[in-house]
Amino acid sequence: MPPSARDLAAQKVQFKKEQEQLFRDFLDVVDALDQACQHWQQAHGEHLQSFQAVDVHPRSRRSGWQRWLRGIWAALRGQPIRASEANTTALKAQMAEILESAHTGTAVIHRSLLDALDRQEVKPIFALGQPFNPNTMKALGREERSDAAPNVVIEEVVRGYQWRDRVLREAQVIVAVPPAAD
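All figures in this text were calculated on a predicted structure; none of them were measured in a lab.

Engineer: Provide a residue-level description of the side chain of Thr106, including the pertinent values.
Structural biologist: Of note, Thr106 is situated in helix H3 (residues 85-119). The exposure class assigned to Thr106 is buried, which follows from its relative accessible area of 11%. Other than its neighbours up to four places away in sequence, Thr106 contacts Leu33, Ala36, Cys37 and Trp40.

Have a look at this one:
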């Protein structure tokens, strides 16, 4: 016996709910990749600025690659890198290359996921600088600002997304309010 029209409609509704939940789950991955991209970019800048050279005896028993690995490991933990003056420039360049490569790789994965979601009609809700919209945004707080119009989003804490005409996740924002009169 073929399924009834009512059964088909119920299956269609169930499928749409499952699709929506799947997209919500992917938003957690997008958020994690956003944070990873920010982390790698920040790490790149911080490690290059905090790179410290400490002389080591030239007669060290470690081979060149062992010293290099120890230096990279120390830098990733935020400790000073032990190197001779001759190796300092090379280690800086290698560290910069590693951090840049990690940032680029993470950014490529992030972009690929956003493109895949875009093909499924999952779009970000761009809230920054826009008037507050309670249908697509959730105000986490208000901040007195004289340089922004009242009721305008001045900070996007968590990006919101919509799928077709449905809000998958509201944008979580901070909204400007006029300064209080003295």
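More follows now that the structure is in view.
Engineer: Explain the pairing of strand S6 (residues 160-163) to me, and be specific about the residues and the numbers.
Structural biologist: Note that strand S3 (residues 122-125) and S6 share four bridges and pair antiparallel. For Val122, the partnering residue across the bridge sits in S6 and is Trp163. Pairing geometry for S6 and strand S7 (residues 166-169), over three bridges, is antiparallel. Of the residues in S7, the one forming a bridge with Tyr161 is Arg169.

Engineer: Give a detailed account of the sheet that holds strand S5 (residues 153-158), specifying residues and quantitative values.
Structural biologist: The strand order S4-S8-S5 describes an open sheet built from three strands, whose pairing is mixed. A single partner strand is all that each edge strand has here, and the edge strands are strand S4 (137-144) and S5. Ignoring strand direction, the axes of neighbouring strands in this sheet form an average angle of 25 degrees. In the sheet, S4 pairs with strand S8 (residues 171-177) via seven bridges, with the strands oriented parallel. From the neighbouring strand, Glu143 faces S8, where its bridge partner is Ala176.

Engineer: Go over the pattern of salt bridges, please, and point to the residues and values.
Structural biologist: Scanning all chains against the criterion turns up nine salt bridges. Residue Arg166 pairs with Glu20 through a salt bridge whose shortest N-O separation is 2.8 Å. Here the residue Arg166 occupies a position in strand S7, and Glu20 occupies one in helix H1 (residues 5-50), the gap between them amounting to 146 residues. Between Arg164 and Glu121 there is a salt bridge whose closest N-O contact spans 3.6 Å. With Arg164 in the loop between S6 and S7 and Glu121 in the loop between H3 and S3, the pair connects residues that are 43 residues apart, well separated along the chain. Glu121 sits in the partly exposed class, given a relative accessible area of 39%. What you see here is one network of salt bridges that share partners, running through Glu20, Arg24 and Arg166.

Engineer: Explain the nonpolar core residue by residue, including any values.
Structural biologist: By size, the foremost hydrophobic cluster in this structure holds 11 residues: Phe23, Leu27, Val30, Leu33, Leu113, Leu114, Leu117, Val122, Tyr161, Trp163 and Leu168. Counting only elements with at least two residues in this core, the list comes to H1, H3 and S6. With four residues, the top contributor of residues to this core is H1. Once you skip the residues sitting within four places of it in the chain, Phe23 turns out to touch Leu117, Gln120, Val122, Trp163 and Leu168.

Engineer: Got a sec to walk through the packing of aromatic side chains? Specific residues and values, please.
Structural biologist: Aromatic ring pairs: the centre-centre distance and the angle between the two ring planes describe each pair. Applying the stated criterion across every chain yields a total of one aromatic pair. Both rings, one in Phe23 and one in Trp163, keep their centres 5.2 Å apart while their planes meet at 65 degrees; by these two values the pair is edge-to-face. Taken together, the residues Phe23 in helix H1 and Trp163 in strand S6 connect sequence positions 140 residues apart. Both residues of the pair, Phe23 and Trp163, count as buried.

Engineer: Break down the sheet that holds S7 for me, with residues and values.
Structural biologist: Across the sheet, which stays open at both edges, the three strands sit in the order S3-S6-S7 with antiparallel pairing between neighbours. A strand with exactly one partner marks an edge of an open sheet, and here the two such strands are S3 and S7. Strand-to-strand, the axes of this sheet are offset by a mean angle of 35 degrees, without reference to chain direction.

The rules we used
Residues numbered from 1 in each chain as written. Predicted model: local features only at pLDDT ≥ 70, side-chain atom pairs only at ≥ 80, totals over all residues. Heavy atoms only, no water. Helix = DSSP H or I, 4+ residues; strand = E, 2+ residues; numbered from the N terminus. Buried < 20%, exposed > 50% of the residue type's maximum accessible area, 1.4 Å probe, protein only. Contact = heavy atoms within 4.5 Å. Pairing = 2+ DSSP bridges. Axes fitted to C-alpha atoms, helices over the stretch in contact; angles between N-to-C directions. Salt bridge = Lys/Arg side-chain N within 4 Å of Asp/Glu carboxyl O. Core = buried A, V, L, I, M, F, W, Y, C linked by side-chain atoms within 4.5 Å. Phe/Tyr/Trp six-rings, centres within 6.5 Å; stacked < 30°, edge-to-face > 60°.

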